[in-house]
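# Observations on the three-dimensional arrangement
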Amino acid sequence: MYSFETRVRYSELAEDRSASLVSIINYFQDCCTFESEDGEIGLDWLAEHDTAWMLTGWQIHIIRSPRYCERVKVTTWACGFKYFVGKRSFTITTLEGEVLVYAMSDWAYMNVKKQLPEKNVPQKELDVYGMAVPIEERFEEFGIKEFAEADPDRTVLKGKIQIPDEKDPDVTVEDSLDMNAVTPILVTADNLDTNHHVNNAQYVALAKSVIPEEIDVRHFRAEIKKQSVLGDVIYPVLYREKSRLVVVLNDENRTPKLIAEFHI
């Protein structure tokens, strides 16, 4: 396991004075990159090997969002490797150990020059990251059991994200290609990271920007299907159901680049 402590800054807040979903994702992203740098397998190491770990999926559960100025501990650990696929768990806790947020994630080890999966993860990386039991198998250990029992259908969301049926009378759709309520998004330099594509937290920020009102998210998932680069135009579609919102960020051919699911 790897951890760092931080304090919730004003710049990280949502309207309710707690850390926003995007800030939570940034905490997680910082934690795993700090681990890589401290283990000497960070940006320089990856650049030497023409590789990168690309996020392919998030699942985030918010028991309580960290509050303004609250001091918290962010922890991550690797919990699975198979070929070029890696799995990683995360928690945000109070300094006393209360779990506020937990998350699961999926990653692909990629050759950035060939833009293809790199099947052989170097042994040095495997040694640094190690292997531990995933968070979903440690609820009792982390004190999440009561929360899980109170909301068993959402505590671990399984299967692929289902895009709502537009013909369902209980579903409303706002489609940028039909010029209905949401507008296309141009990818700018501010959206990019060191891999020269839209950073995963920025992807979520773009998806959330499609939703015009502030929503109280307790369970969130995202599947990254295709990267976006500078100058790309993204065409969002917003689906509204009774208890969840689904945002699909498409390319010009209506092929999904990111699918995000916000449970409310």
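Scroll up to find the structure.
The structure contained in this document is the topic of the report that follows. The shown structure was predicted, so the numbers you read here are calculated from the model rather than taken from an experiment.

All right, on to the overall build of the protein then. Within the protein, the secondary structure is distributed over 7 helices and 12 strands. In terms of C-alpha radius of gyration, the protein reaches 18 Å, essentially the compact-globule figure of 18 Å for 264 residues. Referenced to the eigenvectors of the C-alpha coordinate spread, the extents of the protein come out at roughly 50 × 45 × 35 Å. Out of the 264 residues belonging to the protein, those deemed buried represent 52%. Taking contacts inside the protein between residues at least 6 apart in sequence as the whole, the part at least 24 apart equals 70%. Accessible area of the protein: about 13500 Å², with a carbon and sulfur share of 49%. Both charge centroids of the protein, one from 30 positive and one from 45 negative side chains, sit 2 Å from each other.

For the structure on display, the rule yields 13 aromatic pairs. Taking the centre distance of 6.0 Å and the plane angle of 50° together, the rings of Trp 53 and Phe 81 count as tilted. Within this pair, whereas Trp 53 is found in strand 2 (residues 51-62), its partner Phe 81 is found in strand 3 (residues 71-82), the two being separated by 28 residues in sequence. Ring geometry for Phe 81 and Tyr 129: centres 6.5 Å apart, planes at 25°, overall stacked. Here the residue Phe 81 occupies a position in strand 3, and Tyr 129 occupies one in helix 3 (residues 123-129), the gap between them amounting to 48 residues. Linked through ring pairs, Phe 28, Trp 58, Phe 90 and Trp 107 together constitute an aromatic cluster. Over the aromatic face of Tyr 129 sits the side chain of Arg 88, whose NZ or CZ is 4.9 Å from the ring centroid.

Two elements in contact, helix 1 (residues 21-38) and helix 7 (residues 200-209), have axes whose closest approach is 9 Å; the angle formed by their N-to-C orientations is 170°. In terms of axis orientation, helix 1 runs roughly antiparallel to helix 7. Contacts from Leu 21, Val 22, Ile 25, Asn 26 and Gln 29 in helix 1 reach Asn 200, Ala 201, Val 204 and Ala 205 in helix 7.

Time to look at the state of the cysteines. For the structure shown, the criterion picks out 0 disulfides. The thiol of Cys 31 is not disulfide-bonded; the next cysteine sulfur, from Cys 32, is found 6.9 Å away. You can call Cys 31 buried: its relative accessible area is 0%.

What follows concerns the pairing of strand 12 (residues 256-263). Side chains on a regular strand alternate between the two faces of the sheet. Burial of strand 12 is extensive: 7 of the 8 residues sit out of reach of the surface. Here 6 bridges tie strand 9 (residues 219-224) to strand 12, and the two strands are oriented antiparallel to one another. Residue Ile 224 lies in a different strand from strand 12, and its bridge partner there is Leu 258. Both strand 11 (residues 244-250) and strand 12 contribute to a ladder of 7 bridges, which runs antiparallel. Looking at the pairing, Val 246 lines up with Glu 261 of strand 12. Here strand 11 folds back onto strand 12, and the loop between the two strands holds 5 residues, one of which, Arg 254, carries a positive phi near 65°.

What counts and what doesn't
Residues numbered from 1 in each chain as written. Predicted model: local features only at pLDDT ≥ 70, side-chain atom pairs only at ≥ 80, totals over all residues. Heavy atoms only, no water. Helix = DSSP H or I, 4+ residues; strand = E, 2+ residues; numbered from the N terminus. Rg over C-alpha atoms; globule rule 2.2 N^0.38 Å. Buried < 20%, exposed > 50% of the residue type's maximum accessible area, 1.4 Å probe, protein only. Contact = heavy atoms within 4.5 Å. Areas by Shrake-Rupley, 256 points an atom, 1.4 Å probe, with all protein chains shown as cover. Lys, Arg positive; Asp, Glu negative; His and termini not counted. Charge placed at Lys NZ, Arg CZ, Asp CG, Glu CD. Phe/Tyr/Trp six-rings, centres within 6.5 Å; stacked < 30°, edge-to-face > 60°. Lys NZ or Arg CZ within 6 Å of the ring centre and 35° of its normal. Axes fitted to C-alpha atoms, helices over the stretch in contact; angles between N-to-C directions. Parallel < 35°, antiparallel > 145°, perpendicular 65-115°, else oblique. Disulfide = S-S within 2.5 Å. Pairing = 2+ DSSP bridges.

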